[in-house]
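Chain by chain, the residues run as shown.
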Amino acid sequence: MPVSDTAHSSVGGDRSGSVFPLSPGTTGHEANPIDQVVESLGGLSEVTSGASAPDGDAYMRAMRAFQNAGVRERSTSLHVTLAHLDGMTFDEAADLLNLKPENLKRYVHGHSLPRTMAPRIEMLGEILRNLHRVIRPSATVRWLHTEIPDLDGMTPATALKKRKYEEVLELTKSYTGPVTYT
Amino acid sequence: MSIDFGSHDDVVFKKAPLLTVLCQIQFEPVLSLMSPVGVSGFQEGIRAVYPHFSPSQAANVAVTTGNRSRIDVSQEPPIWRMRDLATDWHWRVSIGVNFISLETHRYTDFGEFLERLMFLLGMLERTVKPSDATRIGLRKVNSICVDRLESPTEWTRYLRPELLSLIAMDLPRELASSLTDIRIKDGVNEFVVRHGFAPSMNFDDIPGVMIPGDQTGELQHLPSGGKGNESQYLVDIDYSSPVPYPIGRNEAISELLREFSEGITSFFHWAIQPDLVRLLEPVSRGEVPANASE
């Protein structure tokens, strides 16, 4: 069946076998539209293409660029980010964005997204983009609920609910960085 | 418990007459689905499986003539269509402001259809969050083709006389066409059968039937029946429920559609005669060839 042969598809369940990347930096999937939206907005490209350590100025510039983007682009980014939360329900997605489900529903149904929402959406989108470079999308939920030492033993889901978006973003950036063998 | 028209062999047909099978789930209008932004997440989520995207929007033009002639133009809400293949697609997803549908002209097992539908409903729930369903319907359109019949009464070799009613009678003049609509109440659910024939059957004219085809409505998968050396008979069965199921990866929806599928299959087996069964080349479900359908 064609669906089962498709790595992106969630149909057929989790076929990855492992949540964590065996070969960090491997890009198993084509570029996703989050990239295109972000790039078109001059978003986080400065951060992700730069050094592995965060650059505060670049980060703030990217955030400002995103916040200055049009309502339409922000809304598209929200929709696309939700699409990449593979295996999650709407309410669980709202949790990760620290929103009440009824508020997220309003935004999805066309209410203007406030600019203050932009960093959360953008960082969650970037987290997923990094993550899906190294694990199958169908493994997203398992990864979100796995305790990780670099997050002080928290799961990524818990960290996101505590609004530690930047920490989780840094963690996923480390997955895509160069590998040093000793 | 679905409608049961009696027991039948658990077989699939190598020459299945299935023209299209379509599940449509309706919900309260979500006006954000009028714009590409509203559908962007859903499309992104299913893009790997249904990569070909095309919007379709119909316009109505009404011309009034007379002393005060005028032209009124109105536009229908868009329907966003996503297909697995660019041409001669096997699977098509359509989404509009108040519905989602999945459609195919061939599947080997209803489980495959349900698996694809559940994937779509999960994505719809997460990226659109529609209301509970206002209607859930499953429709199977069959086009039965046999060698050209000299008289409509010959359909009795292939189909039950009870179904054919007047068609089976020796009428004093030639029967030009017959299309009948039967509605059966099944609790709150409704089971509708439209069936009949016409010398030059045009499925585009049948109300509500969404036929696989291009934007012009041209049939891509219609067998050659009704044209040339064949006669064609339509059996279009629609089973629907108004129960407000929550939309998403929902086992209850899956179970409901399984019951609907069984009810439709049960009716189809009841309706056909042994001569037609042989023509359709049944095989037991355990030895399903790649091109067979239920």
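On a predicted model such as this, the values are computed, not experimentally measured, just so you know.

### A closer look at the overall build of chain A
(1) Moving on: Scanning chain A from terminus to terminus reveals ten helices and zero strands.
(2) Moving on: Residues counted as buried form 37% of the 182 residues belonging to chain A.
(3) Moving on: Nonlocal contacts in chain A, meaning residues at least 24 apart in sequence, comprise 66% of its contacts between residues at least 6 apart.

### Let's talk about the interface of chain A and chain B
(1) Moving on: At the interface, 25 residues of chain A touch 24 residues of chain B.
(2) Moving on: Mapped onto the side of chain A that touches chain B, the elements with two or more residues apiece are helix H4 (71-83), helix H5 (90-96) and helix H6 (101-108) of chain A.
(3) Moving on: Here the side of chain A that touches chain B takes seven residues from H4(A), the largest share from any one element.

### Description of helix H4 (residues 251-271) of chain B
Since there are 3.6 residues in each turn of an α-helix, residues three or four apart along the chain are aligned in direction.
Residues and elements named next belong to chain B.
(1) Moving on: Here H4 contains 21 residues, and its C-alpha end-to-end distance of 30 Å stays within 8% of the 30 Å for a straight helix at 1.5 Å per residue.
(2) Moving on: Regarding H4, the residues found buried are Ile253, Leu256, Leu257, Phe260, Ser261, Gly263, Ile264, Phe267, Phe268 and Ala271. For H4, the angular spread of the buried residues around the axis is 160°, confining them to a single face. Away from the buried face of H4 by more than 90 degrees, exposed residues Glu251, Ala252 and Glu255 are located.
(3) Moving on: The inward-facing, buried residues of H4 contact strand E2 (18-27), helix H2 (110-127), strand E9 (133-147), helix H3 (161-164), strand E11 (189-197) and strand E12 (230-241).

### Digging into the confidence of the model for chain A
All names here are of chain A.
(1) Moving on: Per-residue pLDDT for chain A has a mean of 72; in total, 60% of the residues score no lower than 70.
(2) Moving on: Mean pLDDT values over the elements of chain A span from 31, in helix H2 (residues 45-48), up to 97, in helix H9 (residues 156-161).
(3) Moving on: Low pLDDT, under 50, characterises residues 1-55; the predicted model gives this stretch 102 contacts beyond four residues in sequence or across chains.

### Notes on the nonpolar core
(1) Moving on: Residues A:Ala93, A:Leu124, B:Phe42, B:Ile46, B:Leu120, B:Leu124 and B:Leu159 are the most contacted members of the largest nonpolar core, which totals 88 residues.
(2) Moving on: Excluding residues within four positions of it along the chain, B:Leu120 makes contact with B:Ile46, B:Val93, B:Ile100 and B:Leu102.

### Here's the deal with the pairing of E11(B)
Residues and elements named next belong to chain B.
(1) Moving on: Bridge count for strand E10 (residues 178-186) against E11 is nine bridges, and the pairing is antiparallel. Residue pairing in the sheet places Thr180 in a bridge with His195 of E11.
(2) Moving on: Count of turn residues in the E10/E11 antiparallel hairpin: two residues, of which Gly187 carries a positive phi of about 65°.

### What about the pairing of strand E4 (residues 59-64) of chain B?
(1) Moving on: Burial within E4(B) is sparse, with just zero of its six residues counted as buried.
(2) Moving on: A loop of five residues connects E4(B) with strand E5 (residues 70-75) of chain B, the two strands running antiparallel in sequence, and B:Gly66 in this loop sits at a positive phi of about 125°.

### A look at the sheet that holds strand E3 (residues 52-56) of chain B
The pairing of strands in a sheet comes from backbone hydrogen bonds and takes either a parallel or an antiparallel form.
Residues and elements named next belong to chain B.
(1) Moving on: Ordered in space as E3-E6-E7-E8-E2-E9-E12-E11-E10, the nine strands form an open sheet in which the pairing is antiparallel. Bordering the open sheet on either side are E3 and E10, each of which pairs with just one other strand. On average, each strand axis in the sheet is inclined to that of its neighbour by 15°, with strand direction left out of account.
(2) Moving on: By the bridge criterion, nine bridges tie E2 to E9 in an arrangement that is antiparallel. From the neighbouring strand, Thr20 faces E9, where its bridge partner is Val141.

### Re the environment of A:Leu144
Residue and element names in this part refer to chain A.
(1) Moving on: On the secondary structure map, Leu144 appears in helix H8 (residues 140-144).
(2) Moving on: In sequence terms Leu144 and Pro156 are twelve residues apart; their C-alpha atoms lie 4.9 Å from each other.
(3) Moving on: Filtering out sequence-adjacent residues up to four positions away, Leu144 remains in contact with Thr155, Pro156 and Ala157.

### So, the environment of A:Met154
Residue and element names in this part refer to chain A.
(1) Moving on: Position of Met154 among the secondary structure elements: in the loop between H8 and H9.
(2) Moving on: Accessibility expressed as a C-beta count within 10 Å gives 18 for Met154, which makes it partly exposed.
(3) Moving on: A C-alpha to C-alpha distance of 22 Å links Met154 and Thr81, two positions 73 residues apart in sequence.
(4) Moving on: With near-sequence residues (within four places) excluded, Met154 lies in contact with Glu147 and Ala159.

### Overview of the confidence of the model for chain B
(1) Moving on: Mean pLDDT over chain B works out to 85, with 87% of the residues at or above the 70 mark.
(2) Moving on: Scoring the predicted complex yields pTM 0.77 and, for the interface, ipTM 0.78.

### Comments concerning helix H1 (residues 36-46) of chain B
(1) Moving on: Burial analysis of H1(B) places nine of its eleven residues in the buried class, which makes it a mostly covered element.
(2) Moving on: All of the buried residues along H1(B) are B:Gly38, B:Val39, B:Ser40, B:Gly41, B:Phe42, B:Gln43, B:Glu44, B:Gly45 and B:Ile46.

### Regarding the packing of H4(A) against helix H7 (residues 118-134) of chain A
When two helices pack together, you describe them by how their axes are tilted relative to each other and by the distance separating the axes.
Residue and element names in this part refer to chain A.
(1) Moving on: Axis separation between H4 and H7 bottoms out at 10 Å; the angle between their running directions is 40°. As judged from the angle between their axes, H4 and H7 are oblique. At the point where H4 passes H7, the crossing takes the left-handed sense. Between H4 and H7, the contacting residues are Arg74, Ser77, Leu78, Val80 and Thr81 on the first element and Ala118, Ile121, Glu122, Leu124, Gly125 and Leu128 on the second.

What counts as what
Each chain carries its own residue numbering, running from 1 in the written order of its sequence. Written order determines the labels here, with chains lettered from A and ligands numbered from 1. Since the coordinates come from a predicted model, pLDDT governs what is reported: local features require at least 70, and pairs of side-chain atoms require 80 or more to be given and counted, while whole-chain, interface and lining totals use all residues. Only runs of H or I of at least four residues qualify as helices and only runs of E of at least two qualify as strands under DSSP, and these elements are numbered from the N terminus. Exposure criterion: with C-beta atoms placed from backbone coordinates, a residue whose C-beta has 20 or more other C-beta atoms within 10 Å is buried, one with 12 or fewer is exposed, and one in between is partly exposed. Think of it this way: build a C-beta for each residue from its backbone, and any pair within 7 Å is a contact. To estimate how far a helix should extend, the number of its residues minus one is multiplied by 1.5 Å. Arc definition: directions from the helix axis to the C-beta atoms. Within a predicted model, pLDDT stands for the predictor's per-residue confidence, ranging from 0 to 100. Think of a nonpolar core as buried Ala, Val, Leu, Ile, Met, Phe, Trp, Tyr and Cys residues chained together by C-beta atoms that fall within 7 Å. Two strands qualify as a pair provided that DSSP identifies no fewer than 2 bridges between them. Here, axes are lines fitted to C-alpha atoms. For helices the fit covers the stretch in contact, and angles between N-to-C directions go from 0 to 180 degrees. Small angles under 35 degrees read as roughly parallel and large ones over 145 as roughly antiparallel, with 65 to 115 read as roughly perpendicular and the rest as oblique. Each crossing is labelled by how the near helix is turned from the far one, with a counterclockwise turn of less than a right angle marking it left-handed and a clockwise turn marking it right-handed.

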